[in-house]
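# Examining the three-dimensional arrangement
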Amino acid sequence: MTPDDHIPVSDTLTLCAINEQDVPELHQLVLKNKAWLQQFLDWPQYVGSEDDSLKNAQSNIMLHQRGYAKMFLLKWKGRIVGVLSFNSVEPTNKTAYIGYWLDEDHQRQGLLSQALQAFMAFYAARGDVRRFVIKCRVDNAASNEVALRNGFTREGCLKEAEFLNGRFDDQYIYARIIDSPSE
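Note that the structure is a prediction, hence the values are computed from the model and not measured.

The rules behind the values
- Going along each chain's sequence as written, the residues are numbered from 1 onward.
- Given that the model is predicted, a residue must reach a pLDDT of at least 70 before its local features are reported, and side-chain atom pairs must reach 80 or more before they are shown or counted; all residues, however, enter totals for whole chains, interfaces and linings.
- Excluded from the side-chain calculations are hydrogens and water; all other atoms, namely the structure's heavy atoms, are used.
- Nonpolar cores are built from buried Ala, Val, Leu, Ile, Met, Phe, Trp, Tyr and Cys residues. Side-chain atoms within 4.5 Å join them into one set.
- Type-normalised accessible area, obtained with a 1.4 Å probe on protein chains alone, sets the label of each residue: buried when under 20%, exposed when over 50%, and partly exposed for intermediate values.
- Secondary structure counts use DSSP, requiring at least four H or I residues in a row for a helix and at least two E residues in a row for a strand, with both numbered from the N terminus.
- Residues are treated as being in contact if the distance between any of their heavy atoms lies within 4.5 Å.
- Salt bridges are counted wherever a side-chain nitrogen of Lys or Arg sits within 4 Å of a carboxyl oxygen of Asp or Glu.
- When DSSP locates at least two bridges between a pair of strands, those strands are taken to pair.
- Working convention: axes come from line fits to C-alpha atoms, limited for helices to the stretch in contact. Angles between N-to-C directions cover 0 to 180 degrees.
- Pairing of N or O atoms within 3.5 Å defines a polar contact, subject to two protein rules: one partner must be a possible hydrogen donor and the other a possible acceptor, and residues neighboring in sequence count only if both atoms are side-chain atoms.

## Regarding the nonpolar core
Counting 33 residues, the largest nonpolar core has L74, L84, F86, I98, F132, I134 and F152 as the members making the most contacts within it. Of all elements in the fold, only β2 (13-17), β3 (70-76), β4 (79-90), β5 (95-102), α3 (111-126), β6 (131-137), α4 (141-149) and β8 (167-177) reach the threshold of two or more residues within this core. Sorting elements by how many residues they give to this core places α3 first, with nine residues. Sequence-distant contacts of I134, that is, excluding residues within four places in its chain, are made with I98, Y100, L116, A147, F152, Y172, I173 and Y174.

## Looking at the environment of A115
One can find A115 in helix α3. Under the relative-accessibility criterion, A115 is labelled buried at 0%. Between the C-alpha atom of A115 and that of L74, which follows or precedes it by 41 residues, the distance is 7.4 Å. Apart from residues no more than four positions distant in its own chain, A115 is found in contact with V9, L13, L15, L74 and L84.

## Some words on the pattern of salt bridges
What the rule picks out here adds up to 12 salt bridges. R126 is the salt-bridge partner of D128, the closest N and O atoms lying 2.7 Å from each other. On the basis of relative accessibility, which here comes to 29%, the residue D128 falls in the partly exposed class. Connected through shared salt-bridge partners, R137, D139, R167 and D169 make up one network.

## Structural notes on the sheet that holds strand β7 (residues 153-164)
For sheets, the rule is that strands pair by backbone hydrogen bonds, running either parallel or antiparallel. The strand order β1-β2-β3-β4-β5-β6-β8-β7 describes an open sheet built from eight strands, whose pairing is mixed. With partners counted over all chains shown, the strands left at the sheet margins are β1 (6-8) and β7, one partner each. Pairs of neighbouring strands in the sheet enclose a mean axial angle of 25°, with direction left out of account. In terms of strand pairing, β5 meets β6 through four bridges, oriented parallel. Residue pairing across strands places T95 opposite R131, the latter belonging to β6. Helix-sheet contacts for helix α1 (residues 23-37) involve β3, β4 and β5, and the interaxial angle to β4 is about 80°. With respect to the sheet, α3 is in contact with β1, β2, β3, β4, β5, β6 and β8, its orientation differing from that of β4 by roughly 40°.

## Observations concerning the environment of E162
In this fold, E162 is placed in strand β7. We classify E162 as buried; its relative accessible area is 17%. Considering only alpha carbons, one finds E162 and R126, 36 residues apart in sequence, at a separation of 32 Å. In contact with E162, other than residues within four places in its own chain, are F40, R137, R167, F168, D169 and Q171. A polar contact is formed between the side chain of E162 and the side chain of Q171, at a distance of 3.2 Å.

Rendered as structure tokens:
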């Protein structure tokens, strides 16, 4: 267990580091949302068996423990409703690249924004991260809104930076710098 296994967000929402016991529930959530997720992300097409999900979780647990990435489950009222992660961390630069997805039935309730704010505050307060980065496809309106709603600044457009569903799409790159937890 590491000091960043749980990040409280509210009375009903918690960020919990991925662990093997969560795999069956997470796997079912991914299957439930697979068609929707595939519109925006490449990896859902490779989710097959629960064993595939277990291997992925084990890899993320190792990366989490070593500090190269951080994968958290959003647990609302004790149930997994999504994922919020640092897909990669650059310790020297104190930069982390954020990824997220939320169950379709739990969107537009502010859960992701609440979790994102707590996530950034936690790592900024520890001094581990000061530059938070989100990259998302230009035509993923919901993801772009999350970045803007949470104080990120669009820094530019990466041309044909993401291959998804047989074509290369442009990505916006957003960043937010937090030098102290009160920002």
